[in-house]
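Tertiary structure, described
The lines below spell out each chain.
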Amino acid sequence: MGGGRAAQDLHLSARSSTEGARVSRLTRLLESEKALAAALLAPGVAILVVFIAYPFVMALWYSLTSIRVGDAGHFVGLDNFAKAVDDTIFQQAFKNTVFYTFWATIFKLSLGMWLALLLNRHFRFKRVVRASMLLPFIIPTVLSAFAWRWMFDPTFSVMNWMLYHGGMITDRLPFLSSGDWAMWCAVLVNTWRGMPFFAITLLAGLQTISPDLHEAAALDGAGAWHRFWHVTWPLLLPVTLVVVVFSVIQTFSDFQLIYVLTGGGPANSTHLIATYAYQIGVASGLLGEGAALSLFMFPVLFAVVWVQLRYLKRMEAA
Amino acid sequence: MLIERKWKKWLYFYLPMAAFIVFTLFPFYWMAVTAFRPDAELYATWRQPNAAPLWTLHPTFEHVIGLMKTTAFPTWMWNTMAIAIVSTAISLVCGMFAGYALARLKFRGSEFLGTAIFITYLVPQTLLFIPLADIVRDLRLGNTPWALMLTYPTFLIPFCTWLLMGYFKTIPKELEECARIDGATRFGAMVRIIFPVAIPGILSAGIFAFTLSWNEFIYALVFMASADTKTVPVGVVSELIRGDIFFWGQLMAGALLGSVPVALVYSFFVEYYVTGLTGSVKG
């Protein structure tokens, strides 16, 4: 019994001493900047390689094959891309994506700027108001898009109810049942969701502008509009550019808002690239064609990112 | 000189501010009213006169109870919570390590890696969901929470890394040097000196990452097939519309309850969230 215990102790101490040696070797290794950097970067980089870089290469490969669910397919060259270019629904989806991104960004920027200027003043309950203004950005888009869909409901729309009883309309508005209307409704909901992001980020930029500049301009006789245009706007331009880049990427690749609000309808008139790629790639199981469709987003996103990187470089140089 | 007259303040400030507040909050108000309204009041057509159009005279819990009893809503809440917490934790650890390495350590290719991580930050989920679904299936992760716990970090790690890298750079180097003179290892100095000082930044990144995971939709839609593995957004979309029929009362009850956890977390940490949000675009 006692002998066994002693043997165990011996065994334990032997193990802990080799472990000690191993630990100190590891510690010594981690004192080298290069080794430590490699160790610290490894987990994050591994996840990004496995779940972003690798799928990106796979997306490129898929887009060149006729792969579908349950069928590995074969190499077809650029057929999937050629087919997409000839597909009238895809042409519509591409136009819609550009339209949606352009107008939503314009509205988000102008309304967000206005809201930021309002929030930059001193008033009672400022903190509560500012916090509640961000709610559309916090609440899951799918859930709030359902609230909008309910508000746009053809038969039970609260907005038709208010407008009708307010004497503004005599017939109901076809919010989501007409293609043109539905596209503008999607722009409206996207603006509603993204405006707070612009407002709060621009507000952070506004707060760094010294009030002295405004007072000096006011003393020189500049009106509010002039002060905005010649003092605030130029100073805010760097922040604005970055926010616009982020927003364009998010809007151009949007999926969930349209998926819930219209599902691409009526009659495919509100599809975006992403929702159409989902329909082809997942709902119809044509993986190769779907992958090719999503890759149509890439040149636009790449251009935007390139502008952003160039801008960052210039900022660093300055 | 900058003092305004009263009517001007109303026209230029109170009126637009009120319009912004109504525009921003009305959908949430309508979501809440709908969730507690009986069906008889809910399905009154737009032309019909209505005793309580923007309010309800007979509040009811039938939709909430129906949601809890006839659907797997509590399970979806639990799934979403677990996935958001785990993916946030993974991303924070990876982001803290990578951010520290990029901010403080000198090594070849650090600039390239920083740029590469920044670019992955800008890759949208909708670009990669088709091949990623196959990868997830090949790794035997399909229809398990790990499919999302491991893929959500792809958009959270780049963000956490950039935010924390910026934060670490503002911490004076002397702090670490003192600890190193006292005999701490590099790793030890990072964990015991730098990380505690960076807690506000870590909190900002964590809150922001949590709300982003709670919000994610397309990966969860594509990777999760059975009702008991879904997250709240996917469950609400796929299980509360039966055939062509929308159960609006239950849908809005689900939307409301599904928003509560993320709204609560946000309301406790508004300032940190705002720092994360504004920091996320500074680069």
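The rules behind each value
Residues numbered from 1 in each chain as written. Chains lettered and ligands numbered in written order. Predicted model: local features only at pLDDT ≥ 70, side-chain atom pairs only at ≥ 80, totals over all residues. Helix = DSSP H or I, 4+ residues; strand = E, 2+ residues; numbered from the N terminus. Buried ≥ 20, exposed ≤ 12 C-beta atoms within 10 Å, placed from the backbone. Contact = placed C-beta atoms within 7 Å. Axes fitted to C-alpha atoms, helices over the stretch in contact; angles between N-to-C directions. Parallel < 35°, antiparallel > 145°, perpendicular 65-115°, else oblique. Left-handed = near helix turned anticlockwise from the far one by under 90°. Nonpolar A, V, L, I, M, F, W, Y, C, P; charged D, E, K, R; others polar. Core = buried A, V, L, I, M, F, W, Y, C linked by C-beta atoms within 7 Å. pLDDT = per-residue confidence, 0-100. Domains from an automatic or database assignment.

Quick look at the overall build of chain A now. Helix and strand content of chain A: 15 helices and zero strands. Viewed in the frame of its principal axes, chain A has a C-alpha envelope of about 100 × 65 × 50 Å. Out of the 318 residues belonging to chain A, those deemed buried represent 39%. In chain A, the share of contacts with a sequence separation of at least 24, taken over all contacts with a separation of at least 6, comes to 70%.

Right, let's talk about the overall build of chain B for a bit. Each helix and strand counted, chain B has 15 helices and two strands in total. Expressed as lengths along the three principal axes of its C-alpha atoms, the size of chain B is roughly 80 × 70 × 30 Å. The burial tally for chain B puts 45% of its 283 residues in the buried class. Contacts in chain B between residues far apart in sequence, at least 24 positions, make up 78% of those at least 6 positions apart.

The next point concerns the packing of helix α9 (residues 179-206) of chain A against helix α11 (residues 224-252) of chain A. All names here are of chain A. The interhelical angle for the contact between α9 and α11, taken along N-to-C directions, is 155 degrees, at an axis separation of 10 Å. When the axis of α9 is compared with that of α11, the two are roughly antiparallel. Crossing geometry of α9 relative to α11 is assigned as right-handed. Residues N190, G194, F197, F198, T201, L202, G205 and L206 of α9 form the contact with α11, whose participating residues are L236, V239, T240, V243, S247 and T251. For the contact of α9 with α11, the class distribution of residues is seven nonpolar, seven polar and no charged.

In this structure, P266(A) follows G265(A) across a cis peptide bond, with omega equal to -5 degrees. Inspection of the secondary structure puts P266(A) in the loop between α12 (256-261) and α13 (273-283). Even without a glycine there, the phi angle at N268(A) is positive, about 60 degrees. Summarising the element assignment, N268(A) is placed in the loop between α12 and α13. The backbone of R140(B) shows a phi angle near 60 degrees, a positive value even though the residue is not glycine. When you line up the elements, R140(B) lands in the loop between α6 (125-138) and α7 (145-151).

Take the nonpolar core next. Core analysis: the biggest nonpolar cluster contains 160 residues, and F146(A), A186(A), A199(A), L261(A), I273(A), L164(B) and M252(B) have the highest contact counts within it. Here this core takes 14 residues from α9(A), the largest share from any one element. If near-sequence neighbours (up to four positions away) are discounted, F146(A) is found in contact with V260(A), V236(B), L251(B) and A255(B).

Looking at chain A, the pLDDT average stands at 88 and 92% of residues meet or exceed 70. Segment residues 1-16 of chain A: pLDDT under 50, and zero contacts once partners within four positions in sequence are set aside and those in other chains are kept.

Chain B puts 77 residues into the contact, and the matching count from chain A is 78 residues. Examining the composition of the side of chain B that touches chain A, we find that 13 residues originate from one element, helix α1 (residues 6-35) of chain B, more than from any other. Of the residues belonging to the side of chain B that touches chain A, the class tally is 56 nonpolar, 18 polar and three charged.

According to the domain assignment, chain A consists of domain 1 (1-31) and domain 2 (88-317). Distance between the C-alpha centres of domain 1 of chain A and domain 2 of chain A: 61 Å.

Moving on to the environment of K230(B). Residues and elements named next belong to chain B. Inspection of the secondary structure puts K230 in the loop between α12 (218-223) and α13 (232-239). The buried category is assigned to K230, around which 24 C-beta atoms lie within 10 Å. Sequence separation of K230 and L132 is 98 residues, and the distance between their C-alpha atoms is 18 Å. K230 has contacts with W76, N79, A220, M224, G235 and S238, leaving out every residue within four places of it along the chain.

Overall, the prediction assigns chain B a mean pLDDT of 90, with 96% of residues at 70 or greater. Both scores are available for the predicted complex, with the pTM at 0.90 and the ipTM at 0.92.

Let us now look at the environment of A103(B). Residues and elements named next belong to chain B. Here A103 shows up in helix α4 (residues 73-104). Between the alpha carbons of A103 and I65 there is a distance of 51 Å; along the sequence they are 38 residues apart. Setting aside its immediate chain neighbours within four residues, A103 contacts M165, F168 and K169.

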